[in-house]
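Residue-level structural notes
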Amino acid sequence: MNEELIDSAQMLAKRYLKDDTSGHDYFHAERVAQLAVKLYQQDHYSIITAQKEALTVMGYLHDIVDDKLTKKTKQRLQIITEILRLHQLDTMEINDIIYTITHMSYAQNLKQHYQLSLLGQYVQDSDRLDALGALGVARAFAYGGRHHRKIYDPAIKPVMIAGESARAYHRRKTTTINHFYEKLLQLPQQMNTNAGKILAQRRGAYMQQFLDEFINEWYSMY
Ligand code: ADP
Ligand code: NI
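Residue numbers run consecutively from 1 along every chain, following the written order of its sequence. Key to labels: chains lettered from A, ligands numbered from 1, both in the order written. Only residues with pLDDT of 70 or above have their local features reported here, since the model is predicted, and side-chain atom pairs are shown and tallied only from 80 upward, although totals for entire chains, interfaces and linings are computed over all residues. Computation of side-chain values covers all heavy atoms of the structure but excludes hydrogens and water.

**Overview of the overall build of the protein chain**
To keep things clear, this is the line we draw: Strands here are runs of E lasting at least two residues and helices are runs of H or I lasting at least four, both read from the DSSP assignment and numbered beginning at the N terminus. Here the radius of gyration uses the C-alpha set of atoms, whereas the globule reference equals 2.2 Å times the residue count to the power 0.38. In this description, contact between two residues means that some pair of their heavy atoms is separated by no more than 4.5 Å. Here, Shrake-Rupley sampling with a 1.4 Å probe gives the accessible areas, and only protein chains in the shown set may cover a residue. The sign given to each residue is positive for Lys and Arg and negative for Asp and Glu; His and the chain ends receive no count. Every charge is mapped onto a representative atom, which is NZ of Lys, CZ of Arg, CG of Asp or CD of Glu.
Helix and strand counts for the protein chain stand at ten helices and zero strands. In sequence order, the protein chain lays out its α and β elements as α-α-α-α-α-α-α-α-α-α. For the protein chain, whose C-alpha radius of gyration is 18 Å, the value lies close to the compact-globule estimate of 17 Å for 222 residues. Taken along its principal axes, the extent of the C-alpha atoms in the protein chain is 65 × 40 × 30 Å. Across the protein chain, contacts joining residues at least 24 apart in sequence account for 68% of those joining residues at least 6 apart. On the protein chain, roughly 12,000 Å² of surface is accessible, and the fraction owed to carbon and sulfur atoms is 53%. For the protein chain, the centre of its 27 positive side-chain charges and the centre of its 25 negative side-chain charges are spaced 7 Å apart.

**Re the UniProt feature "domain: HD/PDEase" (unreviewed entry) in the protein chain**
For clarity, the cut-off: UniProt positions are given in the numbering used here, feature names are shortened, and annotations may be inferred rather than shown by experiment.
As recorded in UniProt, the sites labelled "domain: HD/PDEase" (unreviewed entry) are residues 21-141. The annotated region residues 21-141 carries 66% helix and 0% strand content, and the separation between its end C-alpha atoms amounts to 10 Å.

**With respect to the environment of Met104**
Inclusion rule: Here's how the labels work: a residue is buried when its accessible area is under 20% of the maximum for its type, exposed when over 50%, partly exposed in between, all with a 1.4 Å probe on protein chains only.
Summarising the element assignment, Met104 is placed in the loop between α5 (91-103) and α6 (118-129). With relative accessibility at 3%, the residue Met104 sits in the buried group. Residues Met104 and Gly120 lie 16 residues apart in sequence; the distance between their C-alpha atoms is 7.6 Å.

**Observations regarding the nonpolar core**
Condition: Only buried residues count toward a nonpolar core, which is a set of Ala, Val, Leu, Ile, Met, Phe, Trp, Tyr and Cys residues joined through side-chain atoms within 4.5 Å.
Leu55, Val57, Tyr60, Leu61, Ile80, Leu84 and Leu129 are the most contacted members of the largest nonpolar core, which has 59 residues in total. In terms of residue count, the dominant contributor to this core is helix α2 (residues 26-44) (nine residues). Sequence-distant contacts of Leu61, defined by excluding residues within four places in its chain, comprise Ala9, Leu12, Ile80 and Ile101.

**Let's talk about the coordination of the nickel ion (ligand 2)**
Each pair of donors in an ideal octahedron of six around a metal sits at 90 or 180 degrees, and each pair in an ideal tetrahedron of four sits at 109.5 degrees. Our working definition: Coordinating donors are taken to be N, O and S atoms lying within 2.8 Å of the metal, or within 3.2 Å when the metal is Na, K or Ca; because water is excluded from the atom set, some sites may appear incomplete.
Looking at the nickel ion (ligand 2), the protein donor atoms are His28 (NE2), His62 (NE2), Asp63 (OD) and Asp127 (OD), and they sit 2.1 to 2.4 Å from it. Within one chain, the residues donating to the nickel ion (ligand 2) are spaced in sequence as H-x33-H-D-x63-D. Separated by 35 residues along the polypeptide, His28 in helix α2 and Asp63 in the loop between α3 (49-61) and α4 (73-86) bring together distant segments of the chain. We note that His28, like Asp63, is buried.

**Focus: the environment of Ser220**
Put simply, the rule reads: Counting of polar contacts relies on pairs of N or O atoms within 3.5 Å, with two restrictions inside protein: one atom must be capable of donating a hydrogen and the other of accepting it, and residues adjacent in sequence are counted only when both atoms are side-chain atoms.
Structurally, Ser220 is set in the segment after α10 (194-219). On the basis of relative accessible area, Ser220 is assigned to the exposed category, the value being 52%. Spatially, the C-alpha atoms of Ser220 and Ala33 are 41 Å apart, while their sequence positions differ by 187 residues. Side-chain polar atoms of Ser220 contact the backbone oxygen of Glu217, separated by 2.9 Å.

**Let's talk about the packing of aromatic side chains**
Geometrically, a pair of aromatic rings is defined through the distance of the ring centres and the angle of the planes. Condition: Classification of ring pairs uses Phe, Tyr and Trp, with its six-membered ring standing for Trp, and accepts pairs whose centres are within 6.5 Å; under 30 degrees between planes counts as stacked, over 60 as edge-to-face, and the remaining range as tilted. Charge-over-ring contacts are defined here by two conditions on Lys NZ or Arg CZ: a distance within 6 Å of the ring centre and an angle within 35 degrees of the ring normal.
Enumeration over the complete set of coordinates arrives at twelve aromatic pairs. Consider the rings of Phe210 and Phe214, whose centres lie 6.2 Å apart with planes at 45 degrees: the pair is tilted. Here Phe214 and Phe210 lie together in helix α10, a separation of four residues that amounts to about one turn. Phe214 sits in the buried class, given a relative accessible area of 17%. Taken together, Phe141, Tyr152, Phe180, Phe210, Phe214 and Trp218 form an aromatic cluster joined through their ring pairs. A cation over a ring is seen here: Arg76 above Tyr16, with NZ or CZ 3.9 Å from the ring centre.

**Side note on the site of ligand 1**
What counts here: Proximity criterion: a residue is near a molecule or strand once any of its heavy atoms comes within 4 Å of it.
Among the 17 residues in the neighbourhood of ligand 1, the closest are listed as His24, Lys68, Tyr106, Arg149 and Lys183. A distance of 2.7 Å is found between an oxygen atom of ligand 1 and a side-chain nitrogen or oxygen belonging to His24. Top contributing element to the shell around ligand 1 by residue count: helix α7 (residues 133-146), with three residues.

**Concerning the packing of α2 against α10**
Where we set the bar: To get an axis, a line is fitted to the C-alpha atoms, and for a helix only the part in contact is used. The angle between two axes follows their N-to-C directions and goes from 0 to 180 degrees. Each residue receives one of three labels: charged for Asp, Glu, Lys and Arg, nonpolar for Ala, Val, Leu, Ile, Met, Phe, Trp, Tyr, Cys and Pro, and polar for the others, Gly being one of them.
Running from N to C, α2 and α10 point in directions that differ by 115 degrees, and their axes come no closer than 8 Å. Contacts from Leu35, Leu39, Gln42 and Asp43 of α2 reach α10 at Asn194, Ala195, Gly196, Leu199 and Arg203. Classifying every residue of the contact of α2 with α10 by side-chain character gives four nonpolar, three polar and two charged.

Shown next, in the form of structure tokens:
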């Protein structure tokens, strides 16, 4: 492994995400990086160093250029490109990393579906898996609180809008419980990879169980 390249990616993730309280902190990036490698290995048994490096780098960097988290996407992309060049990655690898981290988010793919490379698909699955399960529950409420969303309000119903724009999706006021129905519970059907699908089933089932219990407790005193 090119340890210096990994260190640089890690350092950028720490620099930009260390103070995040919306569920997109450094540890989210680290989990996405680690899980992407694990999923790939599960499906392919072996992995070459260059692939492991690319998966790790994409995992660490994927949220630092996300426009729901920063207005400085262009500037950060430039910094990333320079660092990747400095570490002698070839143009194809650099292009794959940049394309993946700028096209993998859920909101980006609402209006149209972007086809990612095989490695990109593992990183996208890994990111989506971190929005599921117990970690996903915790992150959803962290995000909701940070964005002044209510936990739940029976008067506000979940809305599903096919082909909604990323902007409209982010602006729409909803509750965090609705977000589970509007997005999170759909994620298991949207996984790209075999290993991703298997883990998403488990984490999705846990999330459904959490929701059932939440609704049960909410209505149990009426
Ligand atoms: P993506 O951008 O592909 O959705 P991220 O990891 O960048 O993936 O962000 C997803 C995380 O943000 C999830 O944990 C999700 O629950 C949270 N999130 C996004 N929008 C909302 C929302 N409206 N309410 C609650 N959580 C949200
Ligand atoms: Ni993410």
